[in-house]
Amino acid sequence: MTHVLDPDALPDDARALMAPLPPYDDVTRSDSAFRTFLHGLPGVDQVGAEARVAMLGTRSIKTTAKAWAIDTAISMVDLTTLEGADTPGKVRSLASKAKQPDPGDPTCPTVAAVCVYGDLAGVARETLAGTGIHVAAVATAFPSGRASREVKLADVKDAVANGADEIDMVIDRGAFLTGRYLDVFEEIVAVKEVCGDAHLKVILETGELVTLDNVRRASWIAMLAGGDFIKTSTGKISPAATLPVSLVMLEAVRDFRAATGRQVGFKPAGGIRTTKDAMKHLVLINETVGPDWLDPDWFRFGASSLLNDLLLQRQKLRTGHYSGPDYVTID
């Protein structure tokens, strides 16, 4: 049996977090009501979505616009290392690159954030002190999400205590795929509460959600539960940030703002490796949700190798020739 929280038993601030914004303040009153709402969302035309992104993918960005787009993309990168072999030294090196992506060009923008495991968030925070670059930490038993809620919340608390000001959580895909939508919602609410002032990015792991309809439903669950961003993937599952998935999630944040007045950010992650990939996403954002989201406060790339390609393309625009990969550091 699914456990439903009793709102009257919660403190006032927790009840406020748990209550979706009007006109959706009644949809989470029960499992059946939530299911009815989520399955009543407009269905996704997969063929249409694929055709739409294919058409937008043919748009080209040149000269001055390309220079702006490259700098904008660099400023939106969450520079990431999420390996079992990560060390404090590797995180310091990554954070130094985040501060000065191209040591030969001081006009190069900094990235938006450095994303690491929670136990290394303090190392990143110390190295990035005073820069304005955010420290993001993955949590809630990343990447599987297979742990008790108590363990997941402790994971978040530990990351925040270590210095993370952004938390990237994973949803319980097992609960979602078995239709326990209210469980997924309540867990995000609980995580949001223990984040305190840290922003919450909710990872859907779209490669495991099977259908684009499920991607839309999971996006709405995350936003109704108070997520500040919705994020495609952990980067550990393929497929990850495909353009059709990004289109569906962008339509969700657009429709959510139109309905509630609250803007939610979007972060594609996994498989975005080239400047061309980044440009396609920027076009998709501009054409789907508009320029309001063309800002690091509302859009991020979760990536490790992407930054190097952006730097090489930037050097080519500046110097007129293409440098080899040894002109940038290997992350």
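Placed above this text is the structure.
Residues numbered from 1 in each chain as written. Predicted model: local features only at pLDDT ≥ 70, side-chain atom pairs only at ≥ 80, totals over all residues. Heavy atoms only, no water.

Colleague: I'm lost on the sheet that holds strand S4 (residues 166-170) in this one. Help?
Modeller: Judged by pairing direction, the sheet is parallel, and its eight strands sit side by side in the order S7-S6-S5-S4-S3-S2-S1-S8 without closing on themselves. Every interior strand has two partners, whereas the edge strands, strand S7 (265-267) and strand S8 (301-303), have only one. Each neighbouring strand pair of the sheet contributes to a mean axis angle of 25°, computed without reference to strand direction. Pairing of strand S6 (residues 229-231) with S7, which is carried by three bridges, proceeds in the parallel orientation. What sits directly across from Ile230, in S7, is Phe266. Across the sheet, helix H6 (residues 121-128) is in contact with strand S2 (113-117) and strand S3 (134-139); its angle to S3 comes to roughly 175°. (Pairing = 2+ DSSP bridges. Helix = DSSP H or I, 4+ residues; strand = E, 2+ residues; numbered from the N terminus. Axes fitted to C-alpha atoms, helices over the stretch in contact; angles between N-to-C directions. Contact = heavy atoms within 4.5 Å.)

Colleague: Please clarify how the pattern of salt bridges should be interpreted in this entry.
Modeller: When charged atoms on two side chains of opposite charge get close, those side chains can pair. Considering all chains together, one arrives at 26 salt bridges under this definition. Notably, a salt bridge pairs Glu83 with Lys236, separated by 3.6 Å at the nearest N-O pair. Taken together, the positions of Glu83 in the loop between strand S1 (77-80) and helix H5 (88-99) and Lys236 in the loop between S6 and helix H11 (243-260) put the pair 153 residues apart, joining distant regions of the chain. Glu83 sits in the partly exposed class, given a relative accessible area of 44%. Ionic contacts of the salt-bridge type, sharing partners, join the residues Asp78, Glu166, Asp168, Lys201, Lys231, Lys267 and Arg300 into one network. (Salt bridge = Lys/Arg side-chain N within 4 Å of Asp/Glu carboxyl O. Buried < 20%, exposed > 50% of the residue type's maximum accessible area, 1.4 Å probe, protein only.)

Colleague: Sorry if this is basic, but what is going on with the packing of aromatic side chains here?
Modeller: Centre distance and the angle of the planes are the two values used to describe a pair of aromatic rings. Evaluated as defined, the whole model comprises nine aromatic pairs. Aromatic pair Phe299 and Phe301: ring centres 4.8 Å apart, planes at 90°, arrangement edge-to-face. With a relative accessible area of 1%, Phe299 lands in the buried category. Ring pairs connect the aromatic residues Tyr24, Phe37, Trp220 and Phe256, which therefore count as one cluster. (Phe/Tyr/Trp six-rings, centres within 6.5 Å; stacked < 30°, edge-to-face > 60°.)

Colleague: Honestly, the nonpolar core in this entry has me stumped. Any pointers?
Modeller: What tends to happen in soluble globular proteins is that the nonpolar side chains get buried as a cluster. One finds Phe34, Ile167, Ile188, Trp220 and Phe301 to be the most contacted residues of the largest nonpolar core, which totals 96 residues. Filtering out sequence-adjacent residues up to four positions away, Phe301 remains in contact with Ala73, Met76, Val77, Asp78, Lys267, Pro268, Ile272, Ala278, His281, Leu282 and Leu306. With seven residues, the next largest nonpolar core counts Leu82, Cys115, Val170 and Ile203 among its residues. (Core = buried A, V, L, I, M, F, W, Y, C linked by side-chain atoms within 4.5 Å.)

Colleague: Help me understand the environment of Glu187 in this model?
Modeller: By secondary structure assignment, the location of Glu187 is in helix H9 (residues 181-195). Taking the C-alpha atoms as reference points, Glu187 and Val123, separated by 64 residues in sequence, lie 28 Å from one another. In this structure, Glu187 is in contact with Arg149, Lys152 and Asp172, ignoring residues within four places of it in sequence. A distance of 2.8 Å separates a polar atom in the side chain of Glu187 from a polar atom in the side chain of Lys152. (Polar contact = N/O pair within 3.5 Å; in protein donor to acceptor, adjacent residues only side chain to side chain.)

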